[in-house]
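Each chain, written out:
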Amino acid sequence: GQDIPHPIFHLDRAKWKELSGVQRHLEMTKHMTGQLSWLTLFTLLFCIVIYHVPMSASTHVPNPNFQPAARHSPHCRHSSRVSPTLLRLRGAGDSDSKAKEALAEKELGNEAYKQKDFDQAIKHYEKAAELDPTSMVYLNNIAAALFGQGKYEECIKKCQEAIQVGKEHRSDFKDIARAHARCGNACAKLGRLEEAIKHYDNSLVEFKDGNVELKRKETIRQKDEIDKAAYLDPAKAEEHRQNGNAFFKDGKWSDAIKEYSEGVRRDPDNHLIYSNRAQTYIKVMDFGSALRDCEKCLELKPDFPRAYARKATVQLLCKQTHKAKETVELGLAKAPEDPELKEVYRKVQQSIMGVGLSPEEREERAKEAMKDPGIQQIMSDPVMRQVLEEMQANPASAAKHMQDPRVKKNIDLLVAAGIIQMR
């Protein structure tokens, strides 16, 4: 029966028993504040709160099918049970109805758009956008109507707005691609081709559309033509030609070609630049480029004798003596007294006669000539094959066959090619 002090709080058992649970914890807290760390104290207080929270305050989800008996209290007149219908979120279902209204407005706008009533279509599309501001489709439709009205600047702004909304709300990539493409179309109408190409590129990044690819290629072609036209300057082209001539005289072939090429870009209709560049290409043994420049020169000025002479020179160097003969004869028909053409004609005749050629070189020239489709056609002609066989068996019959103009022309061509050798 003797009271024994509590070992921690120095309280007798009677006083300790009189304390409630909360008072006991408070006494314990006051005693241990100076002995425990703040972290320990916080943990202790947390445990006290959790221990004394009544179960009625815990989260409880009622069964909607459970119908408890009405509880009557002397302090309230009505039942304390809350109707389940009040638990629904305020505004639930409103978004679905607005989306349906927006689609209905869109359909009305589409009907007006088909009738080319763009003002009315825009009104419906704007109403749809107000009802559903998270959809970029309605903004795209507004942009289409603005494009139909020819309001390209406004169309571009609306497309950019649609793209922004589409990115924010993760719209279908096809819709974003369509907005970029329409923006490109509007820019193209305004002549801003470089900007249009960028929008087409952005559209193709989102979605590969064949029609957009075709528009992009066409826009690039138009831009190149405009850039070339803006770069034209015949006076500067002549300066580059003179610079090229100076480099040519000094034997600086590469520098000369660069100057001539720049002159061509400045004035692509200057036949003299093509002729000079062809001569320079011959010096560096680029016979393919030289031949193309000669042909372009003759296309611009068909009676320019120097182009015939240089073309025939290229054909001689390529062991195409029969072609060189035809070219130089065409040139002499237009300018019979041109000294350069006469010199090339002399070289052609020497090549036909085989002057300075070894038997191996003549054989190689004949093989090269057989690659020509014109020579192949002559050799496969039954009439010409019969004539050649008769001439081989009886050389005296050549005089008779040479009276036929067609046969004579073919024989001359075969002789020039080195396939037939006249003795």
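Residues numbered from 1 in each chain as written. Predicted model: local features only at pLDDT ≥ 70, side-chain atom pairs only at ≥ 80, totals over all residues. Heavy atoms only, no water.

## Here we look at the overall build of the protein chain
A tally of helices and strands in the protein chain yields 22 helices and zero strands. Counting only residues that meet the buried cut, the protein chain has 34% of its 423 residues in that class. Across the protein chain, the fraction of contacts at a sequence separation of at least 24, relative to all contacts at a separation of at least 6, is 49%. Only carbon and sulfur atoms are counted for the fraction: they give 54% of the accessible area of the protein chain, which is about 28000 Å². (Helix = DSSP H or I, 4+ residues; strand = E, 2+ residues; numbered from the N terminus. Buried < 20%, exposed > 50% of the residue type's maximum accessible area, 1.4 Å probe, protein only. Contact = heavy atoms within 4.5 Å. Areas by Shrake-Rupley, 256 points an atom, 1.4 Å probe, with all protein chains shown as cover.)

## So, the environment of tyrosine 345
Here tyrosine 345 shows up in helix 17 (residues 339–353). Since its relative accessible area comes to 29%, tyrosine 345 is described here as partly exposed. Sequence separation of tyrosine 345 and lysine 325 is 20 residues, and the distance between their C-alpha atoms is 7.3 Å. With residues near it in sequence (within four places) discarded, tyrosine 345 still touches Val328, Glu329 and Leu332.

## Remarks on the nonpolar core
If you look at the biggest cluster of nonpolar residues, it comprises 38 residues, and the most contacted ones within it are Val328, Leu341, Val344, Val348, Ile411, Leu414 and Ile420. The element that contributes the greatest number of residues to this core is helix 22 (residues 405–417), accounting for seven residues. Once residues lying within four places of it in the same chain are set aside, the contact partners of isoleucine 411 are Met384, Leu388, Met391, Met402 and Ile420. Ranked by size, the runner-up nonpolar core spans 32 residues in total, among them Phe118, Ala128, Ile156 and Cys187. (Core = buried A, V, L, I, M, F, W, Y, C linked by side-chain atoms within 4.5 Å.)

## Section: the side chain of asparagine 185
As for its position among the elements, asparagine 185 is in helix 8 (residues 173–189). Assessed through its relative accessible area of 17%, asparagine 185 is described here as buried. If we ignore the near neighbours within four places in the chain, the residues touching asparagine 185 are Phe147, Tyr200 and Lys215.

## Some points on the environment of lysine 217
As for its placement among the helices and strands, lysine 217 is situated in helix 10 (residues 210–231). Along the primary structure lysine 217 and tyrosine 200 are separated by 17 residues, whereas in three dimensions their C-alpha atoms are 9.7 Å apart.

## Some details on the pattern of salt bridges
Applying the stated rule across the entire model yields 20 salt bridges. Measuring nitrogen to oxygen at the nearest pair gives 3.2 Å for the salt bridge that ties lysine 158 to glutamate 161. Residue lysine 158 and its partner glutamate 161 are located together in helix 7 (residues 152–168), separated by three residues, close to a single helical turn. According to the relative accessible area criterion, glutamate 161 is partly exposed, its value standing at 36%. Here arginine 266 and glutamate 262 are joined by a salt bridge, their closest N and O atoms 3.8 Å apart. (Salt bridge = Lys/Arg side-chain N within 4 Å of Asp/Glu carboxyl O.)

## Re helix 17
Here helix 17 spans 22 Å end to end across 15 residues, near enough to the 21 Å set by a 1.5 Å rise per residue. Inspection of helix 17 places Leu341, Val344, Val348, Ser351 and Ile352 among the buried residues, and these make up the whole buried set. With its buried residues spanning 100 degrees around the axis, helix 17 presents them on a single face. In helix 17, those exposed residues whose orientation departs by more than 90 degrees from the buried face are Pro339 and Met353. Looking at the buried positions of helix 17, the neighbouring elements they touch are helix 15 (305–317), helix 16 (321–334), helix 18 (359–369) and helix 22. One or two residues past the end of helix 17 sits glycine 354, with phi positive at roughly 80 degrees. (Expected span 1.5 Å × (residues − 1). Arc of directions from axis to C-beta.)

## Observations regarding the packing of helix 15 against helix 17
Contact geometry of helix 15 with helix 17 gives a least axis separation of 9 Å together with a crossing angle of 25 degrees. When the axes of helix 15 and helix 17 are compared, the pair comes out roughly parallel. In this structure, helix 15 crosses over helix 17, and the sense of that crossing is left-handed. Counted together, Pro305, Arg306, Tyr308, Ala309, Arg310, Ala312, Thr313 and Leu316 of helix 15 and Glu340, Leu341, Val344, Lys347, Val348 and Ser351 of helix 17 form the full contact between these two elements. Each residue belonging to the contact of helix 15 with helix 17 can be placed in one class, and the counts come to eight nonpolar, two polar and four charged. (Axes fitted to C-alpha atoms, helices over the stretch in contact; angles between N-to-C directions. Parallel < 35°, antiparallel > 145°, perpendicular 65-115°, else oblique. Left-handed = near helix turned anticlockwise from the far one by under 90°. Nonpolar A, V, L, I, M, F, W, Y, C, P; charged D, E, K, R; others polar.)

## Side note on helix 7
Under the 1.5 Å per step criterion, the end-to-end length of helix 7 is 24 Å for 17 residues, consistent within 8% with the ideal 24 Å. Restricting attention to buried positions, one finds in helix 7 the residues Cys155, Ile156, Lys158, Cys159, Ala162, Ile163, Val165 and Gly166. At its buried positions, helix 7 is contacted by helix 6 (137–148) and helix 8. Backbone geometry just after helix 7 places arginine 170 at a positive phi near 55 degrees.

## Quick notes on the side chain of arginine 266
Within the secondary structure, arginine 266 is located in helix 12 (residues 253–266). Note on arginine 266: relative accessible area 14%, which makes it buried. The residues contacting arginine 266, other than those within four sequence positions of it, are Tyr231, Leu232, Asp233, Pro234, Lys236, Ala237 and His240.

## Quick look at the confidence of the model for the protein chain
In this model, the protein chain carries an average pLDDT of 82, and 77% of its residues clear a pLDDT of 70 or more. Low confidence marks residues 1–9, where pLDDT is under 50. Its contacts with residues over four positions away, or in another chain, come to 13 contacts. Here residues 53–93 is a poorly scored stretch, pLDDT under 50, and it has two contacts once near neighbours within four places are set aside; other chains count. (pLDDT = per-residue confidence, 0-100.)

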